[in-house]
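So you can see what is in the structure, the chains are spelled out below.
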Amino acid sequence: MKYLALVIKNLFRNKRRTFLTVFSIAVSLFIFSALVSLPTVANQVLADTASSVRIVTHNKAGLTYSMPMAYQQKIAAVPHVQTVVAQAWFGGVFHDVTDQFPNVAIDHEQAEQMWSDWDVAPEGWEQFRKLRTACIVGADTMKRFHLHVGQQIILKGTLYPFNVTLNIVGVFGPKAPINSRTFLFFRRDYLEEANHGQAYVDEMWVRADSSANVQQVINNIDEQFANSSAETQSEAESAFIGGFLKGYRMLFRLFEILGFIVVVTIGLVAANTAAMSIRERRGEIAVMRSMGFPSGTILSMLLSESFIIGLLGGLFGCGAAFVILKIFSGPRMGQMTIRMPTAVLLETLIAAAVIGLLSAWFPARAASKMNITEALRMVA
Amino acid sequence: MSENEYAIELDHVSRIYMRDEFEVRALDDITIKLPNGRFVAIMGPSGSGKTTLLNLIAGIDHATAGHVKVGGEEITSMKERDLARWRARHIGLVFQFYNLIPVLTAFENVELPLLLTDLNKADRKQHVETALKVVGLADRMNHYPRQLSGGQEQRVAIARAIVTDPTIVVADEPTGDLDAKSAEEILSLMVELNRMFNKTIIMVTHDQRAVRFVEQVFHLDKGVLAGIEPGGRAPTSGATQAAGSH
């Protein structure tokens, strides 16, 4: 600790250089953390759904083709199926076209059983079953539009020529999987009433009794409707979401590579700056060693300076990325809001510390081991 | 005279450098025994080995042959880590260009060697204030080196050299970068340190004015001890023994 004051004094020796080094590390780690956040969020979604017992059944022709409602009962009779929920995409907007988030109509009776892991309070599900205009909203959407439970909202129809007036009765809480946090569920019977007839059912959500039976249920459903006028394609939830993300895989890999290149590049720039800074102080270092400062202490002090610079850059870069991703988290990737995951925050700070330490390692080690008499002669 | 009454004992010391493929014999078979409490000067033309001799005594360079004892301790075979610890305890260094750390105040510069000791902050403060008082700069302790004159900077450097109460103070051309008045002040200060605190001071200099301030002058030429002359002050302690290679 008694050397900390000396380390800090040396950090402010050349304020402009320290600021520029911190700034350049901050910018590069901002780019790194922003780029790496996207694939990390995607991986987190897949991890969340990896052990899901939910299956999505949709028209084999594509997601935009409807499913006959009669399929619901037939699917419910398939062995190992616990429940089936029909889902209709409403596609409404809140105030204007930029206020988009996924909103769907579902069967209210079976919803709690189907999405029991989406962290809704029991009274929320109860109200959902009781109130025809009830809706349950994801925590991120609640926060984005400053909504609260008990509030009445109007969703403007874009696919349907009418609006729906909904009452918020529950929230998909913080323990819900990441892909749930922007969703809004409301009741399909209310949609059909407003539509004056049957709504367009896009998907059937199926819950198997165990994850071991998921594949068997998928095969049975698709076999049952093979060669019908509306053949089905069933997928485990993780595969379904993975399908949405597949198109971005190459992009994500590119982001990761670019992030890595940015970090390596700034590491080299920081190393050059550290080398320059230490070279300028060789005389002082020689004087300190001649006083009896052990080379290990000198090395620690020089590395501490660089470590602090790296860490400050990391903190500023992460902070900027965190704030900017939060501000611009309106644009969605599939059904997700993009936020900086804790893992990326830690990775970035570790990268910052490593940049700090590695960039100064070689010049600091050389300076701490240099021949004192040679260095003093150079000063003279 | 018993062995440990000698501050410095050099026994057939040689130092040979390799400059590319050429062998440079910087010091050749030097033998000196210098009693405690002396203030001596090493003089000689450039390249005569003065600074090399000083560096060997200060433990920042190694002899190629022979033995160096300082304060009764054999330092020739010490490992780098032990030598660093030994320097911190026994050696105070003063350089021609002061070599103060520019981002530290006078106080902090003087405190620097004390960071290597077990003293707490309050004790360090007391030691630093005493050292700065001795060199007459108690009122400049919060000044940065750039805010001080050359003479004042050298006084701070001397305070830094004596703050740990070392066995010997070694000074390499301490007046080399100063005007005549400041140089005399620095030499007088060194005499005072020698008299008041019985500090052994060994100084390399080109400055002929230094002769009247010291007790003895060692003349080096081409790496060998060419002679010993009395300085302007009478020695206060026992007899010096010396032998050159010729």
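Higher on the page you've got the structure.
Described in the following lines is the structure provided in the data block. Residue positions are given per chain, counted from 1 along the sequence in the order it is written. Each chain is given a letter, starting from A, and each ligand a number, starting from 1, according to the order in which they appear as written. The predicted origin of the model limits local features to residues at a pLDDT of at least 70 and limits the giving and counting of side-chain atom pairs to 80 or more, whereas totals for whole chains, interfaces and linings rest on all residues. Excluding hydrogens and water, the side-chain values take into account all heavy atoms of the structure.

Secondary structure elements follow DSSP: runs of H or I of four or more residues count as helices, runs of E of two or more count as strands, with numbering from the N terminus. What chain A contains, in helices and strands, is 14 helices and nine strands. Compactness check: chain A gives a C-alpha radius of gyration of 29 Å against a globular reference of 21 Å for 380 residues, more than 25% above the reference. On the principal axes, the C-alpha backbone points of chain A span a range of 95 × 45 × 30 Å. Any residue under 20% of the maximum accessible area for its type is buried, any over 50% is exposed, and the rest in between are partly exposed; the area is computed with a 1.4 Å probe on protein chains only. The burial tally for chain A puts 52% of its 380 residues in the buried class. Atoms counted for the radius of gyration: C-alpha only. Globule rule: 2.2 Å times residue count to the power 0.38.

Residues and elements named next belong to chain B. Strand pairing is assigned whenever DSSP detects at least two bridges linking the two strands. If you trace the six strands from one edge of the open sheet to the other, you get β6-β7-β8-β3-β9-β10, paired in mixed fashion. One side of each edge strand has no neighbouring strand; the edge strands of this open sheet are β6 (91-94) and β10 (224-230). Recorded for the sheet is a direction-independent mean angle of 20° between the axes of neighbouring strands. The pairing of strand β3 (residues 39-43) with strand β9 (residues 216-221) spans four bridges and is parallel. Between the N-to-C directions of two axes lies an angle of 0 to 180 degrees, each axis being a line fitted to C-alpha atoms and, for a helix, fitted only over the stretch in contact.

Two residues qualify as a contact provided that any one of their heavy atoms is within 4.5 Å of a heavy atom in the partner residue. Every contact between the two is made by 22 residues of chain A and, on the other side, 26 residues of chain B. A buried area of about 2200 Å², summed over both sides, lies between chain A and chain B, and 63% of it is on carbon and sulfur atoms. Buried area, as used here, totals the accessible surface that two parts lose on assembly, with accessibility defined by a 1.4 Å probe and the loss added over both. Considering only the side of chain A, the residues that lose the most area to chain B are Lys2(A), Lys9(A) and Met291(A), jointly responsible for 27% of the buried surface there. By convention in these notes, a salt bridge is any Lys or Arg side-chain nitrogen within 4 Å of a carboxyl oxygen on Asp or Glu. Linking chain A with chain B are three salt bridges, by the criterion used here. Between Glu80(B) and Arg289(A) there is a salt bridge; the shortest N-O distance is 3.5 Å. We define a polar contact as two N or O atoms separated by no more than 3.5 Å, with the added condition that, inside protein, one atom must be a possible hydrogen donor and the other a possible acceptor, whereas residues neighbouring each other in sequence contribute only through side-chain atom pairs. Our count for the chain A to chain B interface comes out at seven residue pairs in polar contact (both at pLDDT 80 or more). Elements with a minimum of two residues in the side of chain A that touches chain B: α1 (4-11), α11 (282-291) and α14 (372-379) of chain A. Residues are sorted three ways: Asp, Glu, Lys and Arg are charged, Ala, Val, Leu, Ile, Met, Phe, Trp, Tyr, Cys and Pro are nonpolar, and all the rest, Gly among them, are polar. Per-class residue counts for the side of chain A that touches chain B are eleven nonpolar, four polar and seven charged.

On to a nonpolar patch on the surface, then. Residues and elements named next belong to chain A. Here a patch means residues that are over 30% exposed by relative accessible area and free of salt bridges, tied together within 9 Å if like-charged and within 5 Å if nonpolar (Val, Leu, Ile, Met, Phe, Trp, Tyr). Only the protein chains shown count as cover for residues, and all accessible areas are computed by the Shrake-Rupley method using a 1.4 Å probe. Among the surface-exposed residues, Tyr-248, Leu-251, Leu-254, Ile-257, Leu-258, Phe-260, Ile-261, Val-264 and Leu-268 lie close enough to one another that they form a single nonpolar patch of about 830 Å² accessible area. Within the secondary structure, Val-264 sits in helix α10 (residues 249-280). Overall, the relative accessible area of 39% leaves Val-264 in the partly exposed class.

All names here are of chain B. Between helix α5 (residues 150-162) and helix α6 (residues 180-197), the shortest axis-to-axis distance is 10 Å and the interhelical angle comes to 20°. One way to sum up the angle between α5 and α6 is to call them roughly parallel. The hand of the α5/α6 crossing is right-handed. In this structure, α5 contributes Gly-151, Gln-154, Arg-155, Ile-158 and Ile-162 to the contact, and α6 contributes Ser-182, Glu-185, Ile-186, Leu-189, Met-190 and Leu-193. By definition in this entry, angles of less than 35 degrees are roughly parallel, angles greater than 145 are roughly antiparallel, angles of 65 to 115 are roughly perpendicular, and the rest are oblique. Less than a right angle of anticlockwise turn of the near helix away from the far helix marks a crossing as left-handed, whereas a clockwise turn marks it as right-handed.

On to the nonpolar core, then. Take the buried Ala, Val, Leu, Ile, Met, Phe, Trp, Tyr and Cys residues and link them wherever side-chain atoms come within 4.5 Å; each set so joined is a nonpolar core. Counting 61 residues, the largest nonpolar core has Phe293(A), Leu10(B), Leu53(B), Ile57(B), Leu112(B) and Ile202(B) as its most contacted members. Every residue in contact with Phe293(A), bar those within four places of it in the chain, is listed here: Tyr3(A), Met288(A), Ile298(A), Met301(A), Leu112(B), Leu115(B) and Leu116(B). With 40 residues, the next largest nonpolar core counts Val94(B), Phe107(B), Val135(B) and Ile186(B) among its residues.

As a further point, take the pairing of β9(B). Of the strand pairs in this sheet, β9(B) and β10(B) are connected by six bridges, and their pairing is antiparallel. Following the sheet pairing, Gln216(B) is matched in β10(B) by Pro230(B).

Let's shift gears to the sheet that holds strand β1 (residues 54-59) of chain A. Residue and element names in this part refer to chain A. Strands sit in the order β5-β6-β4-β7-β3-β2-β8-β1-β9 across an open sheet of nine strands; the sheet is mixed. This sheet does not close on itself; its edge strands, each paired only once, are β5 (152-155) and β9 (232-236). The mean inter-strand angle of the sheet, taken between neighbouring strand axes irrespective of direction, is 35°. Alignment of strand β4 (residues 134-138) against strand β6 (residues 164-172), held across five bridges, turns out to be parallel.

Attention now goes to the pattern of salt bridges. Residue and element names in this part refer to chain A. Following the criterion strictly, the structure yields 30 salt bridges over all chains and no others. Where Glu-284 meets Arg-13, a salt bridge forms, and the shortest distance between an N and an O atom there is 2.7 Å. Taken together, the positions of Glu-284 in helix α11 and Arg-13 in the loop between α1 and α2 (15-49) put the pair 271 residues apart, joining distant regions of the chain. Glu-280 is the salt-bridge partner of Arg-17, the closest N and O atoms lying 2.8 Å from each other. Pair noted here: Arg-17 is in helix α2 and Glu-280 is in helix α10, with a separation of 263 residues, a long-range link. With a relative accessible area of 16%, Arg-17 lands in the buried category. Residue classification places Glu-280 among the exposed positions, given a relative accessible area of 53%.

Residues and elements named next belong to chain A. Assignment of secondary structure puts Asp-202 in the loop between α7 (188-195) and β8 (203-208). Polar contacts involving the side chain of Asp-202 include one to the main-chain amide nitrogen of Trp-89, which spans 2.5 Å. Contact partners of Asp-202, with chain neighbours within four places excluded, come to Thr-57, His-58, Asn-59, Leu-63, Tyr-65, Met-67, Gln-87, Ala-88 and Trp-89.

The rule is short: rings of Phe, Tyr and Trp, with Trp giving its six-membered ring, pair when the centres are within 6.5 Å, and they are stacked under 30 degrees, edge-to-face over 60, tilted in between. Across all of its chains, the model carries 20 aromatic pairs over all chains by this definition. Ring geometry for Phe172(A) versus Phe185(A): centroids 5.2 Å apart, planes at 80°, classification edge-to-face. Here Phe172(A), found in strand β6, pairs with Phe185(A), found in strand β7 (residues 184-187); they are 13 residues apart in sequence, far enough to count as distant. Here Phe172(A) and Phe185(A) have matching classes, each one buried. When the centroid spacing of 6.0 Å and the interplanar angle of 75° are considered together, the rings of Phe183(A) and Phe185(A) count as edge-to-face. Considered together, Phe183(A) and Phe185(A) belong to a single accessibility category, that of buried residues. Members of the aromatic cluster, connected to one another through ring pairs, are Trp115(A), Trp118(A), Phe172(A), Phe183(A), Phe185(A), Trp205(A) and Phe240(A). Here the basic side chain of Arg19(B) rests over the ring of Tyr17(B), its NZ or CZ set 5.5 Å away from the ring centre. Definition used: whenever NZ (Lys) or CZ (Arg) falls within 6 Å of the ring centre and also within 35 degrees of the ring normal, the charge is taken to sit over that ring. The lysine or arginine in question, Arg146(B), covers the ring of Tyr144(B), its NZ or CZ lying 5.0 Å from the ring centre.

Another point: the pairing of strand β7 (residues 168-172) of chain B. All names here are of chain B. With five of its five residues buried, β7 lies for the most part within the structure. Burial of the side chains of β7 extends over both faces: Ile-168, Val-170 and Asp-172 are buried on one face and Val-169 and Ala-171 on the other. The sheet contact formed by β6 and β7 spans four bridges and is parallel. Bridge assignment links Gly-92 to a residue of β7, and that residue is Val-169. Of the strand pairs in this sheet, β7 and strand β8 (residues 200-204) are connected by five bridges, and their pairing is parallel. In the strand pairing of β8, Ile-168 is matched with Thr-200. In this fold, the crossover linking β7 to β8 by way of α6 has right-handed handedness. Handedness of a crossover is defined as follows: orient the strands so they point away from the viewer, and if the path from the first strand over the helix to the second runs clockwise, the crossover is right-handed.

It helps to recall that an α-helix has 3.6 residues per turn; residues three or four apart then point in one direction. One less than the number of residues in a helix, times 1.5 Å, gives the span that helix is expected to have. Compared with the 18 Å implied by 1.5 Å per residue over 13 residues, the 19 Å span of α5(B) between its first and last C-alpha is a close match. Among the 13 residues in α5(B), twelve count as buried, and that is most of the element. Of the surrounding elements, those touching the buried residues of α5(B) are α11 of chain A together with β6, α3 (106-111), α4 (121-134), β7 and α6 of chain B.

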